[in-house]
Amino acid sequence: MGIRELFKRKKIEGVDDTQYLTLREENRISRENNKIIREFEKNKTRKNVPEAEYLTTMRDTSNVVEFEDLHTYFFTDVGTVKAVNGVSFDIPQGKIVGVVGESGCGKSVTSLSLMKLVQAPQGQIVGGSIRYQAKDGKCYEVTKVPQNEMNKIRGKDIAMIFQEPMTSLNPVFKIGEQMDEVILLHEKGSTAESARARTKELMNQVGIAMVDKIYNSYPHELSGGMRQRVMIAMALLCNPRLIVADEPTTALDVTIQAQILELLRNVKDKINGSIMLITHDLGVIAETVDYVVVMYAGRIIEKGTVREIFHNPKHPYTIGLMMSKPSNKIQGNRLFSIKGQVPNPINMPDHCYFYNRCDKCIDICSKDYPEMIQFSSTHFASCHLYNESSLRDEENIDEENAKE
Amino acid sequence: MLQTEQSYTDFNDEAVLEQNFRVISPGRMVAKRFFKSKLSVAGLIMIIFVFAFSFIGPMIIDATWGYKETQVFRIERVSDMVTTADFTGPDGKTYTYFDKSKTVVLFKAPISSEHWLGTDTSGFDIFTRLMYGGRISLIISFIVIFLEIFIGVILGGLAGYFGKWVDQLIMRIVDIFASLPGLPILLILSATISSIESIPAEHRIYYLMAFITLMGWTGAARIVRGQILMLREQEFMMAAETTGIKTMHKIFRHLVPNTMPQLIVSATLGLGGVILYESTLSYLGLGVPFPRAAWGSMIALADPSKGQEILASYPNMWVPAGILIVITVLGFSFIGDGLRDAFDPRMKR
Amino acid sequence: MLNYIIKRLLLALLILIGVSVLIYMLSMLMPADYIDNQTAAALANGSMTMEDVNHLKKLYGLSDKSIIGILKSYLSWLKSTFTGDLGFSFLYGKPVKTVLGEYVWTSFIIAFISYILQIIIAIPLGVKAAVRQYGPYDYTVSVFAMIGTALPSFFLAALLMNVFSIRLGIFPLQGLTTATKVFAPDAHIRIFLDKAWHLVLPITVLTVLNVGSTMKFTRTNMLEVLNSDYIRTARAKGLSETTVVYKHAFRNTLIPLVTSLSSMLPSLFGGAMITETVFAIPGIGYMALRATLQGDIPFIMGYNMFLSILTVSGMLLSDLMYMVVDPRVKLS
């Protein structure tokens, strides 16, 4: 009956039946990965790590954060998910950098790697470097910073705002208490009164009316937009150098979205800090950010200033994204969507990840992964189409084909 | 900047499933997750052992040695006997008089190569009785759980299907039965059955199973009803215009695969509970009747109110029975927990 | 919110009435001449009159066997139960209420101490097991917890008796007091210590049996809380892991914990039938088991009604505690 259906091996078009992961294979993968995880976790528990180990220098001191060849993997029982697979970009001081991409492209994991909040023990930063220049002038190599030092940076130097305001606040503590906590933790010499004053000051700044009432309320008594304002206020309490906002407006409705984005822009100016804005919404990017980083399947496929990306997108994926946004400028019967799906993150191919979805691919696209091509001092894209040598090869091939 | 839209609107619409996706059917997925957990596998081994011990064991014993469940073995052995008597001496004080002598004892034989766990106070072979006790316990527990699920599905189904006052009525009945104190009621019912002479000892077990079922069916009913209500919400919300029959048909189609996991987990965990109930009743002499073997009644030999002799000096009579109860209940617990984790799609591993 | 309380109270009352119907049906297990037999001696020596006997017969539905008659006797039994008269025990020759009152405190002390021990042991273990999920600590603690719940109480009692009473001779075997020791009437402390010494093993048995379920419950809830978004926010604020777990996470786990633990409170008065009997502790569980085995139906009915009232009170209490601990359920 229906029960037997559950146990039958399903035959799916185009999938080779023998590619099932057998139990033995799975156990082998699981054992290997667990060993790797144990190594990483052991390292984490080292005590009294000397400062020299995690201090370094920035490549360019006008940057707040520099990501260089970051690799963050998840060691699961069915394989290794390469969530972030060689990501490099900078966040300059006083600017807003937008990270764009589909669900699952690794943008959230990148930000979590910066905060060292990646879901342990499966998630680990495997390689690369994240350099952060702190307020006191020290430059930290985040990948090597021990847990207790990281706690001093989190919330104080780098603050994070999450996507779901409805569940991001602890339901059993009052708003004021949760905010005072941050000040009392990070600011030396703060008292209950000074913390309360600062909290209320910031609640005012983010546009919360009836500050006293909200201060004494519980999270479930506030609306989504209000809670997100609280989260932003909480992020600002210690004057952070960088605010990471992970899809801050996705869970809110459009009118509130506009308000929150406006708030973020003002905030950045006021504190003279930087913002790393993660989103999948191009409209948000266009209005708010200075630089854009486009990610796909764990890698950056294009980056540049917002003008460059919007007016002159190079990578076919970026172009596709631009076209996906419904707009009344393009005439047509159907809404555009990029065909195909993101590749399985466990078994990534050696060639360009976008290969099977791109309709401008050439011969070489199925063989090698394209390098980053530079178009200007800020504009980079990783696509064979713009590689001079491969273009020449393509011309040669075309000529040969024409001759035959 | 923009390429001509034409090249983008002419493409093949079908979503191409990536070749490197490995797909697996839900049943196999659950089985794989189950076997990954060491505790689940351990539980499975324990239960298989107990089953083999209880069902295949008696057959082997019968074939090789011919021992039966209630066969009496008279093994003569000489044992010490101490008699005491008090008397008052000429000086008015009480003295105790000890006399050590030897006597011949027929039962309570120690461990030997013929009787691996010795014999008990009535001369039965303990090892054999462990097997028969296991057999009856397992049979009782499976029948009871089956009945509980049967009743639960019917009542829960009726409540979910008809809703409104039927649902209210049945749910109140469920609440009432759930508020009954389980063990005391069970005890009084069993005690009454035991005292009624017209009911032969053999039939007592059937009444027993009925009573235990009465105490436990509420869990299954709640699960089934809850599932139906949830499906109703989903279906009725999705369907704009449907006839009542069509919607209910769809609900029933989804009912089995959705309720089964919860029911199976609840049943497996319930098996352990029934075994504990049955062994408690047997311990008090209200369960499986003498001279049939039952783990509970074997432990009852060590009741300190009947004298400390068995409790202190003859652990071979009662400790193995207790260990077997623990292994069985624990095995069911491990399997139940393992199944629960295996069915849950949100598990990290 | 007051509406909610009233609704719950009415529901509880309804359930109790339903339970009382089922319990009253137990009276039908009595043979026809039961009361006559039981009261013969009392009648003979004058401590009871014919009126008392008829009253009892009416109470337990043995005088008028017609439907109306049974209904009337049920209602009168129900009324007397709710006014506090839980019936008359023939085995003990006293009203059930009196018997309960005499012995309930012993049972309560054993149950209460075991309850406190459970909480002290299970909650820290459960929290730690959740924090180190799938680690060796988690496995060990979980397995021990499950072994505890798989043990039959009489088996564990026998094992402890064998090891600690007989072989090691540390604790006494049975009873509440040492029969051979005679204390001065005002040696309260020594009498108290003697009793306490007798209670160690029974309390151990009860604790071991119940600690497992509390520990698993704590662990499951803690795990769920630890996976929430607000814990991630707490970490992002830079709070130390200890603060995150023991302040933010634990405070949330307290909600289901407190409600579940408070639902257990009333049943502490109910007594543990098997454990008390094996250790021969004179508590109401012991008295109830004796009454059951000897067919003292009135006592059983009164006792079971008492237990049901405790259970239903537990449900009400847990609902009430929910409103106290969870700020999302506001007391307006």
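Because the structure is predicted, anything quoted here is derived from the model rather than measured.

Any details on the sheet that holds strand S4 (residues 123-133) of chain A? Residues and values, ideally.
Residues and elements named next belong to chain A. Taken in spatial order, the four strands line up as S2-S1-S4-S5 in an open sheet, and their pairing is antiparallel. With one partner strand each, in any of the chains shown, strand S2 (79-92) and strand S5 (139-141) form the two edges of the open sheet. When the angles between neighbouring strand axes are averaged without regard to direction, this sheet yields 5 degrees. Pairing of strand S1 (residues 63-76) with S2, which is carried by ten bridges, proceeds in the antiparallel orientation. Of the residues in S2, the one forming a bridge with Thr 76 is Gly 79. Helix-sheet contacts for helix H3 (residues 107-115) involve S1, S2 and S4, and the interaxial angle to S1 is about 110 degrees.

Outline the sheet that holds strand S9 (residues 291-296) of chain A, listing residues and values.
Residues and elements named next belong to chain A. Judged by pairing direction, the sheet is mixed, and its eight strands sit side by side in the order S6-S7-S8-S3-S9-S10-S12-S11 without closing on themselves. Since the sheet does not close on itself, it has two edges, and those belong to strand S6 (158-161) and strand S11 (372-374), each with one partner. The sheet shows a mean angle of 20 degrees between the axes of neighbouring strands, taken without regard to direction. Pairing geometry for strand S7 (residues 242-246) and strand S8 (residues 274-279), over five bridges, is parallel. When the bridges of S8 are listed, Leu 242 appears paired with Ser 274. Running at roughly 105 degrees to S9, helix H12 (residues 316-324) makes contact with strand S3 (96-100), S9 and strand S10 (299-305) of the sheet.

Requested: an account of the environment of B:Tyr283, with residues and values cited.
Of note, B:Tyr283 is situated in helix H9 (residues 244-283). Overall, B:Tyr283 belongs to the buried group, its relative accessible area being 11%. Sequence separation of B:Tyr283 and B:Ile176 is 107 residues, and the distance between their C-alpha atoms is 28 Å. Among all residues touching B:Tyr283, those that are not within four sequence positions of it are B:Gly296, B:Ser297, B:Ile299, B:Ala300, B:Asp303, C:Phe154 and C:Val278.

Hey, could you go over the interface of chain C and chain B for me, with residue numbers and the actual values?
Each partner contributes to the interface: chain C provides 46 residues, whereas chain B provides 42 residues. In total, chain C and chain B occlude about 3,800 Å² of area from one another, counting both sides; carbon and sulfur atoms represent 79% of this. For the interface between chain C and chain B, the tally reads one salt bridge. Here C:Lys216 makes a salt bridge to B:Asp337, at a shortest N to O gap of 2.6 Å. No other element matches helix H13 (residues 297-325) of chain C, which puts nine residues into the side of chain C that touches chain B. Residue classes in the side of chain C that touches chain B are distributed as 34 nonpolar, ten polar and two charged.

An account of unusual backbone geometry is needed here, citing residue identities and associated values.
With an omega dihedral of 10 degrees, the bond running from B:Phe290 to B:Pro291 counts as a cis peptide bond. A positive phi angle is found at A:Lys116, which is not glycine, with a value near 55 degrees. Residue position: A:Lys116 is located in the loop between H3 and S4. For A:Ala297, which is not glycine, the phi dihedral falls at a positive 50 degrees. Mapped onto the elements, A:Ala297 comes out in the loop between S9 and S10.

Now, about the confidence of the model for chain C: what can you tell me, with residues and values included?
Mean pLDDT over chain C works out to 84, with 91% of the residues at or above the 70 mark. Interface confidence for the predicted complex, expressed as ipTM, amounts to 0.86; the pTM equals 0.83.

Can you lay out the pattern of salt bridges for me, pointing to particular residues and giving the numbers?
In total, this model carries 22 salt bridges over all chains according to the counting rule given. Residue A:Arg28 pairs with A:Glu32 through a salt bridge whose shortest N-O separation is 3.2 Å. Here the residue A:Arg28 and the residue A:Glu32 both occupy positions in helix H2 (residues 23-44), the gap between them amounting to four residues, near one helical turn. Judged by its relative accessible area of 39%, A:Glu32 is partly exposed. Taking the shortest distance from any N to any O, the salt bridge between C:Arg235 and C:Glu241 comes out at 2.8 Å. In the salt-bridge network here, residues are joined through shared partners; they are A:Glu66, A:Glu68 and A:Arg131.

So what's going on with the nonpolar core? Residues and values would help.
B:Trp318, C:Ile23 and C:Phe299 are the most contacted members of the largest nonpolar core, which totals 134 residues. Looking at this core element by element, the count peaks at 14 residues for helix H12 (residues 315-343) of chain B. Every residue in contact with C:Ile23, bar those within four places of it in the chain, is listed here: B:Leu180, B:Ile185, C:Trp77, C:Met301, C:Asn304, C:Met305 and C:Ser308. Core analysis: the next-biggest nonpolar cluster, separate from the first, contains 99 residues, A:Phe74, A:Leu169, A:Val211 and A:Ile232 among them.

So what's going on with helix H5 (residues 164-179) of chain B? Which residues, and what values?
For H5(B), with 16 residues, the first-to-last C-alpha span of 23 Å sits near the 22 Å given by 1.5 Å per residue. Every buried residue of H5(B) is accounted for by B:Val166, B:Asp167, B:Ile170, B:Met171, B:Val174, B:Asp175, B:Ile176, B:Phe177 and B:Ser179.

So what's going on with the packing of helix H1 (residues 2-24) of chain C against helix H4 (residues 67-82) of chain C? Which residues, and what values?
All names here are of chain C. Direction vectors running N to C along H1 and H4 enclose 125 degrees, while the axes themselves pass 11 Å from each other. When the axes of H1 and H4 are compared, the pair comes out oblique. With respect to the hand of their crossing, H1 and H4 are arranged in right-handed fashion. For the pair formed by H1 and H4, the contact residues are Leu 16, Ile 17, Ser 20, Val 21, Ile 23 and Tyr 24 on the first element and Ile 70, Ser 73, Tyr 74, Trp 77, Leu 78 and Phe 82 on the second. Class assignment for the residues of the contact of H1 with H4 results in ten nonpolar, two polar and no charged.

Reading the values: the criteria
Residues numbered from 1 in each chain as written. Chains lettered and ligands numbered in written order. Predicted model: local features only at pLDDT ≥ 70, side-chain atom pairs only at ≥ 80, totals over all residues. Heavy atoms only, no water. Pairing = 2+ DSSP bridges. Helix = DSSP H or I, 4+ residues; strand = E, 2+ residues; numbered from the N terminus. Axes fitted to C-alpha atoms, helices over the stretch in contact; angles between N-to-C directions. Contact = heavy atoms within 4.5 Å. Buried < 20%, exposed > 50% of the residue type's maximum accessible area, 1.4 Å probe, protein only. Buried area = accessible area lost by both parts, 1.4 Å probe. Salt bridge = Lys/Arg side-chain N within 4 Å of Asp/Glu carboxyl O. Nonpolar A, V, L, I, M, F, W, Y, C, P; charged D, E, K, R; others polar. pLDDT = per-residue confidence, 0-100. Core = buried A, V, L, I, M, F, W, Y, C linked by side-chain atoms within 4.5 Å. Expected span 1.5 Å × (residues − 1). Parallel < 35°, antiparallel > 145°, perpendicular 65-115°, else oblique. Left-handed = near helix turned anticlockwise from the far one by under 90°.

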